[in-house]
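# Close look at the chain arrangement
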Protein chains: 2
Amino acid sequence: MGKKNPTLSEQRAAFRDYLARKQLKMTPQRMRILDAFLASQGHMTSEDLYHRVKKADPTVGQATVYRTLKLLADSGIAQEVDFSEGVARYEHGFHQEHHDHLICTRCRTTVEVSDEEIERLQESLAAKHGFRLTGHSMCLYGICPRCRATD
Amino acid sequence: MGKKNPTLSEQRAAFRDYLARKQLKMTPQRMRILDAFLASQGHMTSEDLYHRVKKADPTVGQATVYRTLKLLADSGIAQEVDFSEGVARYEHGFHQEHHDHLICTRCRTTVEVSDEEIERLQESLAAKHGFRLTGHSMCLYGICPRCRATD
DNA sequence: GTACTTGCAAACGCTTTGCACTCTC
DNA sequence: GAGAGTGCAAAGCGTTTGCAAGTAC
């Protein structure tokens, strides 16, 4: 478990490969969006990324960012996450170990957490009902230490 | 754990109390929406409920259903759940034991599951990061036995 | 040269809201 | 009768899509 994170150029190559496999084309826009995505951290919305990309190239359209994020997710470079806010968020997809999220409902801070025991129990819970698991999302909502301190 | 489910008239009374406490009024529309909600099962969308209510009274507006569902959720009679579909769903809120959802991504069947061990681990995971948990949502996505059979 | 891509603006689906009217308490 | 609630239609939001022009391969 836990190969180390791919380098920037490995990721670029991976995206190129993905595009080729799907008979899609590499374009300057896609390149810029990929780079902006890789250069950022956390859980970005399409909007976030759009603004970042726009700084580098004001001509890029919002629709292209939406479209490219879908490709990044499909290629595995990005991972869509849903914090029930009504916006899609994306995080880097190369986190080998699955992780879940601990979200402060007051300040929106999020912490990535993981627990092998929980993973294992989830699998067996699914198996007990005859399901083959393809994915899951677990969000724990609460109040973070900092917000608790300022109560 | 596990008081038995409240009766229909207990729930009506609970809603009435909630409204009174908030200085809101009971109306025939709210009554009908509550009844339709209680008479249904599963994970309903506002749309679902709107259609049901409409059969009993075609004059009820969609906005009223949205508004009333929010009240039902706030009062604890309903519980909002999010299966990442882009629609809000509501289930009965009187399930005392917390449960999570196992969702078939092919046929959308959902099964309610619960596991005390997982609950406990979630608590301790949150505590480890100094969070005070206020809620959580866990959705396990997979393929249900029936869909697996027709592969 | 042939698809595939782009930016734009319009359309989308779900949800919320402003309004004039109506009703509950 | 004062304050809430209603239905309607319009607006809001994040996201998707149709299109004509542009571009990677």
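Not measured: the values here are computed from a predicted model.

## A short note on helix 5 (residues 116-128) of chain A
Taking 1.5 Å of rise per residue, 13 residues should cover 18 Å, and helix 5 of chain A covers 18 Å from first to last C-alpha, within 8% of that figure. The complete set of buried residues in helix 5 of chain A reads Ile118(A), Leu121(A), Gln122(A), Leu125(A) and Ala126(A). The buried side chains of helix 5 of chain A occupy one side of the element, clustering within an arc of 135 degrees when seen end-on. The outward face of helix 5 of chain A, more than 90 degrees from its buried face, is lined by the exposed residues Glu116(A), Arg120(A) and Ala127(A). Those residues of helix 5 of chain A that are buried lie in contact with strand 6 (132-143) of chain A together with strand 4 (100-104), strand 5 (110-113), helix 5 (116-128) and strand 6 (132-143) of chain B. Its side-chain oxygen 2.8 Å from the backbone nitrogen of Glu117(A), Asp115(A) forms the N-cap of helix 5 of chain A.

## Notes on the interface of chain A and chain B
Contacts between the two partners involve 34 residues from chain A and, on the opposite side, 34 residues from chain B. Buried area between chain A and chain B, summed over both chains or domains, comes out near 3,100 Å², and the portion from carbon and sulfur atoms is 65%. Looking at the side of chain A facing chain B, the largest losses of area belong to Leu125(A), Phe131(A) and Arg132(A), adding up to 20% of the total buried there. Between the two partners, chain A and chain B, sit zero salt bridges. Applying the counting criterion to the chain A and chain B interface returns 12 residue pairs in polar contact (both at pLDDT 80 or more). Those elements that provide at least two residues to the side of chain A that touches chain B are strand 4 (100-104), strand 5 (110-113), helix 5, strand 6 and helix 6 (145-149) of chain A. With 12 residues, the top contributor of residues to the side of chain A that touches chain B is strand 6 of chain A. Here the side of chain A that touches chain B is built from residues that sort into 18 nonpolar, 11 polar and five charged.

## A look at unusual backbone geometry
Residue and element names in this part refer to chain A. Here the phi dihedral of Ser-84 falls at roughly 60 degrees; this positive angle occurs in a residue that is not glycine. Relative to the assigned elements, Ser-84 resides in the loop between strand 2 (78-81) and strand 3 (89-92). Its identity as a non-glycine residue notwithstanding, Arg-108 has a phi of 70 degrees, on the positive side.

## Observations regarding the pattern of salt bridges
By the definition in use, this model includes 12 salt bridges over all chains. Lys22(A) is paired through a salt bridge with Asp74(A); the nearest N and O atoms lie 3.5 Å apart. With Lys22(A) in the loop between helix 1 (8-21) and helix 2 (28-39) and Asp74(A) in helix 4 (residues 62-75), this residue pair connects regions lying 52 residues apart in the sequence. When its relative accessible area of 47% is taken as the criterion, Asp74(A) is described as partly exposed. Salt-bridge contacts for Arg120(B) lead to Glu117(B); the nearest nitrogen and oxygen are separated by 2.6 Å.

## Brief notes about the protein's contact with DNA strand C
Taken together, the neighbourhood of DNA strand C is formed by 22 residues, with Leu24(A), Thr27(A), Arg30(A), Thr64(A) and Ala88(B) sitting nearest. Within the backbone of Met26(B), a nitrogen or oxygen atom sits 3.2 Å from a sugar or linking oxygen of DNA strand C. Lys70(B) places a side-chain nitrogen or oxygen 3.3 Å from a phosphate oxygen of DNA strand C. At the level of secondary structure, the elements contributing two or more residues to the surface near DNA strand C comprise helix 2 and helix 4 of chain A together with helix 4 (62-75) of chain B.

## Topic: the domain arrangement of chain A
All names here are of chain A. Considered domain by domain, chain A is made up of domain 1 (8-92) and domain 2 (100-149). Look at where the C-alpha atoms of domain 1 and domain 2 centre, and you get two points 25 Å apart. Across the domain 1/domain 2 interface, buried area totals approximately 500 Å², and carbon plus sulfur atoms make up 53% of it. By the criterion of area lost to domain 2, the three top residues of domain 1 are His-43, Phe-83 and Glu-85, representing 74% of everything that side buries. If you look at where domain 1 meets domain 2, you find one salt bridge. Ionic pairing is found between Arg-108 and Glu-85, a salt bridge with its closest N-O pair at 3.6 Å.

## A few points about the nonpolar core
Counting 28 residues, the largest nonpolar core has Leu102(A), Ile118(A), Phe131(A), Leu102(B), Ile118(B), Phe131(B) and Leu140(B) as the members making the most contacts within it. Listed by contribution, the elements that provide at least two residues to this core are strand 4, helix 5 and strand 6 of chain A together with strand 4, helix 5 and strand 6 of chain B. Ignoring sequence-local partners within four residues, the contact set of Phe131(A) consists of Ala126(A), Leu102(B), Ile103(B), Cys104(B), Val111(B), Gly142(B), Ile143(B), Cys144(B), Pro145(B) and Arg148(B).

## Quick word on the sheet that holds strand 1 (residues 44-45) of chain B
Residues and elements named next belong to chain B. Spatial ordering of the open sheet is given by 1-3-2, a layout of three strands whose pairing is antiparallel. The open sheet has two edge strands with one neighbour each: strand 1 and strand 2 (78-81). Lying on the sheet, helix 2 (residues 28-39) is in contact with strand 1, strand 2 and strand 3 (89-92); it crosses strand 3 at an angle near 75 degrees.

## Here we look at the environment of Gln122(A)
Tracing the backbone shows Gln122(A) in helix 5. Between the alpha carbons of Gln122(A) and Gln62(A) there is a distance of 38 Å; along the sequence they are 60 residues apart. Apart from residues lying up to four places away in sequence, Gln122(A) is in contact with Leu133(A), His136(A), Met138(A), Ile118(B), Met138(B) and Leu140(B).

Criteria and thresholds
Residues numbered from 1 in each chain as written. Chains lettered and ligands numbered in written order. Predicted model: local features only at pLDDT ≥ 70, side-chain atom pairs only at ≥ 80, totals over all residues. Heavy atoms only, no water. Helix = DSSP H or I, 4+ residues; strand = E, 2+ residues; numbered from the N terminus. Expected span 1.5 Å × (residues − 1). Buried < 20%, exposed > 50% of the residue type's maximum accessible area, 1.4 Å probe, protein only. Arc of directions from axis to C-beta. Contact = heavy atoms within 4.5 Å. Polar contact = N/O pair within 3.5 Å; in protein donor to acceptor, adjacent residues only side chain to side chain. Buried area = accessible area lost by both parts, 1.4 Å probe. Salt bridge = Lys/Arg side-chain N within 4 Å of Asp/Glu carboxyl O. Nonpolar A, V, L, I, M, F, W, Y, C, P; charged D, E, K, R; others polar. Near = heavy atom within 4 Å. Domains from an automatic or database assignment. Core = buried A, V, L, I, M, F, W, Y, C linked by side-chain atoms within 4.5 Å. Pairing = 2+ DSSP bridges. Axes fitted to C-alpha atoms, helices over the stretch in contact; angles between N-to-C directions.

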